[in-house]
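Per-entry structural report
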Amino acid sequence: MKIALMNEFSQASKNAIVLKELQHVAGELGHTVYNTGMSDDNDHRLTYIHLGIMGSLLLNSKAVDFVVSGCGTGQGALMSLNAYPGVNCGYCIDPADAYLFAQINNGNALAIPYAKGFGWGAELNIRYIFEKAFTGDKGQGYPPERKESQVANAGILNHIKEATAKSYLDGLKAIDPELVKTAVSGERFQACFFENSQDQELTDFVRSVLDS
């Protein structure tokens, strides 16, 4: 599995902590981590609005399989990522959230609060979140006897999102181009996207934005 981590400006200083724990868990499971957002306060400036654009591009192009995002409360990142087709982001405060989201909703992104409640032992909580999010089979249901209905509802929600939204690429083209350009201008994001994108139309679109 390929996993993208992205931090925005208000919590850029937490990136090293989160990255360390994610790499620890992912490495033991044989997954690859791409640090695609801000790495410190002096990095290419991103807001949670940009995280939604970045995460949706990485997931819809199949450049990565999963996105770990967040902001001060986690709520902005949650709403921003869930604004796009092809993205199913869950809100995660503790390991139980991560486990239940993986089993019931089987999504492809997490939004984590990196300021609210991020106190003593925060790095342990983050590590345990990642362990529950990425260990074992997903979509097994909880409790197990409810798996059939939960899988069905997750699929229905995906269809509703597709039905009520513009096509993904048309939606991107309708966004303020400066927002999109800022979102895709980071060197680490570009390295992950262009190396792994499996959608030529999206690849061409991002190149056109960067060349504009």
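Here the residue numbering is sequential within each chain, running from 1 through the sequence in written order. Thresholds applied to this predicted model are a pLDDT of at least 70 for local features of residues and 80 or more for the giving and counting of side-chain atom pairs; totals over whole chains, interfaces and linings are not thresholded and use all residues. Think of the side-chain values as coming from all heavy atoms in the structure, minus any hydrogens and water.

Considerations on the sheet that holds strand β1 (residues 2–5)
Pairing between two strands is assigned when DSSP locates at least 2 bridges connecting them. Secondary structure elements are taken from DSSP: a helix is a run of H or I of four residues or more, a strand is a run of E of two residues or more, and numbering for both begins at the N terminus. The five strands are arranged β2-β1-β3-β5-β4 in an open sheet whose pairing can be described as parallel. Looking at which strands have only one partner, the edges of the open sheet turn out to be β2 (32–35) and β4 (89–91). Between one strand axis and the next, the sheet turns through 25° on average, direction left out of account. Strand direction decides the pairing type here: β1 and strand β3 (residues 66–71), joined by three bridges, are parallel. By the bridge assignment for β3, Ala 4 is matched with Val 67. Only the stretch in contact is used when fitting a helix axis, every axis being a line fitted to C-alpha atoms; angles between N-to-C directions are given from 0 to 180 degrees.

Overview of the layout of surface pockets
Cavities and pockets were defined on a 1 Å grid built from protein atoms only: a cavity is a group of points that admits a 1.4 Å probe but offers it no way out, a pocket is an open group of points flanked by protein on both sides within 12 Å along at least five of seven lines, and a lining residue is one with an atom within 4 Å of any such point. Grid points are joined across faces, edges and corners, and a volume is the space filled by probe spheres set on the points. Of the voids in this model, the largest pocket is the one considered here, and its volume is about 260 Å³. Lining the largest pocket are 13 residues, and of these Asn 88, Asn 105, Ala 154, Leu 157 and Asn 158 lie nearest its centre. Taken together, the elements giving at least two residues each to the lining of the largest pocket come down to α4 (95–105) and α6 (147–164). Looking at which element gives the most residues to the lining of the largest pocket, the answer is α6, with six residues. Tallied by class, residues from the lining of the largest pocket come to five nonpolar, seven polar and one charged. In this model, the second largest pocket occupies a volume close to 170 Å³. Forming the boundary of the second largest pocket are Leu 59, Asn 60, Lys 62, Val 64, Asp 65, Gly 86, Asn 108 and Gln 198. Here the nonpolar group is Ala, Val, Leu, Ile, Met, Phe, Trp, Tyr, Cys and Pro; Asp, Glu, Lys and Arg are the charged ones; every other residue, Gly included, is treated as polar. Split into classes, the residues belonging to the lining of the second largest pocket amount to two nonpolar, four polar and two charged.

Quick word on helix α10 (residues 200–211)
Structurally, the α-helix is built with 3.6 residues per turn, so residues lying three or four positions apart point the same way. By this rule the span expected of a helix is its residue count minus one, scaled by 1.5 Å. Taking 1.5 Å of rise per residue, 12 residues should cover 16 Å, and α10 covers 16 Å from first to last C-alpha, within 8% of that figure. Buried means the residue's accessible area, taken with a 1.4 Å probe over protein chains only, is under 20% of the maximum for its type, while exposed means over 50%, and partly exposed covers the values in between. Among the residues of α10, those classed as buried are Leu 202, Thr 203, Phe 205, Val 206 and Val 209. Relative to the axis of α10, the buried residues are bounded by an arc of 160° and lie together on one face. Turned more than 90 degrees away from the buried face of α10, the exposed residues are Gln 200, Glu 201 and Asp 211. It only takes one pair of heavy atoms within 4.5 Å for two residues to be counted as in contact. Buried residues along α10 sit in contact with α2 (48–60), α7 (168–174), α8 (177–184) and α9 (187–196). Nitrogen and oxygen atoms within 3.5 Å of one another constitute a polar contact, given that in protein one can donate a hydrogen and the other can accept it, and given that sequence-neighbouring residues count only through two side-chain atoms. The distance from a side-chain oxygen at the start of α10 to the backbone nitrogen of Glu 201 is 3.1 Å, and the residue carrying that oxygen is Asp 199. The directions considered for the arc are those from the helix axis to the C-beta atoms.

Description of the nonpolar core
Ranked by internal contacts, the top residues of the largest apolar core, which has 38 residues, are Ile 53, Leu 57, Leu 58, Val 64, Val 67 and Leu 172. Listed by contribution, the elements that provide at least two residues to this core are α2, β3, α3 (75–82), β5 (109–113), α7, α8, α9 and α10. No other element matches the six residues that α2 contributes to this core. Excluding its chain neighbours within four sequence positions, the residues that come into contact with Val 67 are Ala 4, Met 6, Gly 55, Leu 59, Leu 81, Asn 108, Ala 109 and Leu 110. Residues belong to one nonpolar core when they are buried, are Ala, Val, Leu, Ile, Met, Phe, Trp, Tyr or Cys, and are joined through side-chain atoms within 4.5 Å.

Overview of the packing of α4 against helix α5 (residues 122–134)
Where α4 meets α5, the axes come as close as 8 Å, and the angle between the chain directions of the two elements is 15°. Considering their axes alone, α4 and α5 lie roughly parallel with respect to each other. For the pair α4 and α5, the sense of crossing is right-handed. Of the residues in α5, those in contact with Pro 95, Ala 98, Tyr 99 and Ala 102 of α4 are Asn 125, Tyr 128, Ile 129, Lys 132 and Ala 133. Considered class by class, the residues forming the contact of α4 with α5 number seven nonpolar, one polar and one charged. Any angle from 65 to 115 degrees is called roughly perpendicular, while one under 35 is roughly parallel, one over 145 is roughly antiparallel, and all others are oblique. Whether a crossing is left-handed or right-handed is set by the direction in which the near helix is turned from the far one by less than a right angle, anticlockwise for left-handed and clockwise for right-handed.

Observations regarding the state of the cysteines
For this text, the term disulfide refers to a pair of cysteine sulfurs within 2.5 Å. Considering all chains together, one arrives at zero disulfides under this definition. Here Cys 71 is not cross-linked by a disulfide; its sulfur's nearest cysteine counterpart is in Cys 89, at 9.8 Å. Its sulfur unpaired, Cys 92 is 9.7 Å from the next cysteine sulfur, which belongs to Cys 89. When its relative accessible area of 0% is taken as the criterion, Cys 92 is described as buried.

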